[in-house]
Amino acid sequence: MKVYIDTSVIVSLADPFDVFHDQSITSINNLIKHGIECNISSPLVIELGKIVKVKGTKRCLDITRSLEEFKINFKNTDMKEVWKLSQTYLDERVLTVRHRLDLLHYAAASLLNSTHLASWNSRQFNDKIAVKVSRINSKHGLLSLIAGKPDYIVKRENLG
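Since the structure is predicted, the reported quantities are computational estimates derived from the model, not experimental observations.

This brings us to the environment of Y152. Position of Y152 relative to the elements: it lies in helix 8 (residues 150-156). The spacing of Y152 and S119 is 33 residues in sequence and 9.9 Å in space, taken between C-alpha atoms. In contact with Y152, not counting residues within four places along its chain, are D127, I146 and A147.

Given below as structure tokens:
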């Protein structure tokens, strides 16, 4: 089992005032306690650039520190491959172009052979969307993904 951690969870870990902060800590700690590999990838860098612009450098550094603190691995993915796979998802109408960044996360998670994608954004990261992604992934020899809130993944896999 490998879990790709979406930026929403990383942001929650870094901000003690975030509404999902405590749930994020509990969920990530449960995954780590069970030896589950937790990863993030290149689409995070795009989002960090936006965060620096809006919230400042300190906020960005707090977020990157949370990766180390919670033992979340940054795994580099070839952005050309991530973009190409996300375009396939877009062409197959998994989501609209407005959600390109979310599709980049799905693509990075898939290319990293993740089995799960954890996000607090349940509108774009849920079972319905994951089924569409998984159908496309199977055509490309990639693993199926289960997507949902971190506590949903922990509960679904009996880790909590």
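The rest of the description comes next.
Along the chain, the position of E47 falls in helix 3 (residues 43-55). For the buried E47, no salt bridge is present, and the opposite-charge side chain at shortest range is K50, 5.3 Å distant. If sequence neighbours within four positions are ignored, E47 has contacts with T7, L101 and H105.

Looking at the largest pocket, its volume works out to about 210 Å³. Contributing to the lining of the largest pocket are 15 residues, with E47, K50, L101, D102 and N121 lying nearest its centre. Those elements giving two or more residues to the lining of the largest pocket turn out to be helix 1 (7-14), helix 3 and helix 6 (100-111). With four residues, the top contributor of residues to the lining of the largest pocket is helix 6. The residue makeup of the lining of the largest pocket, split by class, is three nonpolar, six polar and six charged.

For the rest of this paragraph, the subject is the environment of I10. The residue I10 is located in helix 1 in this model. Overall, the relative accessible area of 0% leaves I10 in the buried class. Separated by 53 residues in the primary sequence, I10 and I63 have C-alpha atoms spaced 6.4 Å apart. Beyond its immediate chain neighbours, meaning those up to four positions away, I10 contacts I5, I63, S66, L67 and I72.

Scanning all chains against the criterion turns up two aromatic pairs. Between the aromatic rings of F20 and W120, the centroid separation amounts to 4.2 Å while the plane-to-plane angle is 5 degrees, which identifies the pairing as stacked. Of the two residues, F20 sits in the loop between helix 1 and helix 2 (21-33) while W120 sits in the loop between strand 4 (116-118) and helix 7 (127-139), which places them 100 residues apart along the sequence. A relative accessible area of 26% means that F20 is categorised as partly exposed. Its relative accessible area of 8% is what places W120 among the buried residues. Directly above the aromatic system of W83 lies the positively charged group of R100, at a separation of 3.8 Å from the ring centroid.

This next bit is on the nonpolar core. Membership of the largest hydrophobic core comes to 49 residues, with the highest contact counts inside it found for I5, L31, I72, Y89, V94 and Y106. Among the elements that take part in this core, helix 6 stands out by supplying seven residues, more than any other. Residues in contact with V94, not counting those within four places in the same chain, are Y89, L103, I129, K132, V133 and I136.

Our focus in this paragraph is helix 3. Over its 13 residues, helix 3 runs 18 Å from end to end, which matches the ideal 18 Å to within 8%, given 1.5 Å per residue. Those residues of helix 3 lying buried are P43, L44, E47, L48 and I51. Along the axis of helix 3, the buried residues cluster in a sector spanning 130 degrees; they form a single face. Turned more than 90 degrees away from the buried face of helix 3, the exposed residues are V45 and K53.

Before going further, it helps to spend a moment on the pairing of strand 1 (residues 2-5). Bridge analysis of strand 1 against strand 2 (residues 37-41) gives three bridges, and the strand direction is parallel. From the neighbouring strand, Y4 faces strand 2, where its bridge partner is N39. Sheet analysis places strand 1 next to strand 4, joined by three bridges and oriented parallel. Each residue of the ladder has a partner; that of I5, found in strand 4, is A118.

Cut-offs applied
Residues numbered from 1 in each chain as written. Predicted model: local features only at pLDDT ≥ 70, side-chain atom pairs only at ≥ 80, totals over all residues. Heavy atoms only, no water. Helix = DSSP H or I, 4+ residues; strand = E, 2+ residues; numbered from the N terminus. Contact = heavy atoms within 4.5 Å. Buried < 20%, exposed > 50% of the residue type's maximum accessible area, 1.4 Å probe, protein only. Lys, Arg positive; Asp, Glu negative; His and termini not counted. Salt bridge = Lys/Arg side-chain N within 4 Å of Asp/Glu carboxyl O. 1 Å grid on protein atoms, 1.4 Å probe; cavity = no way out; pocket = protein on both sides within 12 Å on 5 of 7 lines; lining within 4 Å. Points joined across faces, edges and corners; volume = space filled by probe spheres on them. Nonpolar A, V, L, I, M, F, W, Y, C, P; charged D, E, K, R; others polar. Phe/Tyr/Trp six-rings, centres within 6.5 Å; stacked < 30°, edge-to-face > 60°. Lys NZ or Arg CZ within 6 Å of the ring centre and 35° of its normal. Core = buried A, V, L, I, M, F, W, Y, C linked by side-chain atoms within 4.5 Å. Expected span 1.5 Å × (residues − 1). Arc of directions from axis to C-beta. Pairing = 2+ DSSP bridges.

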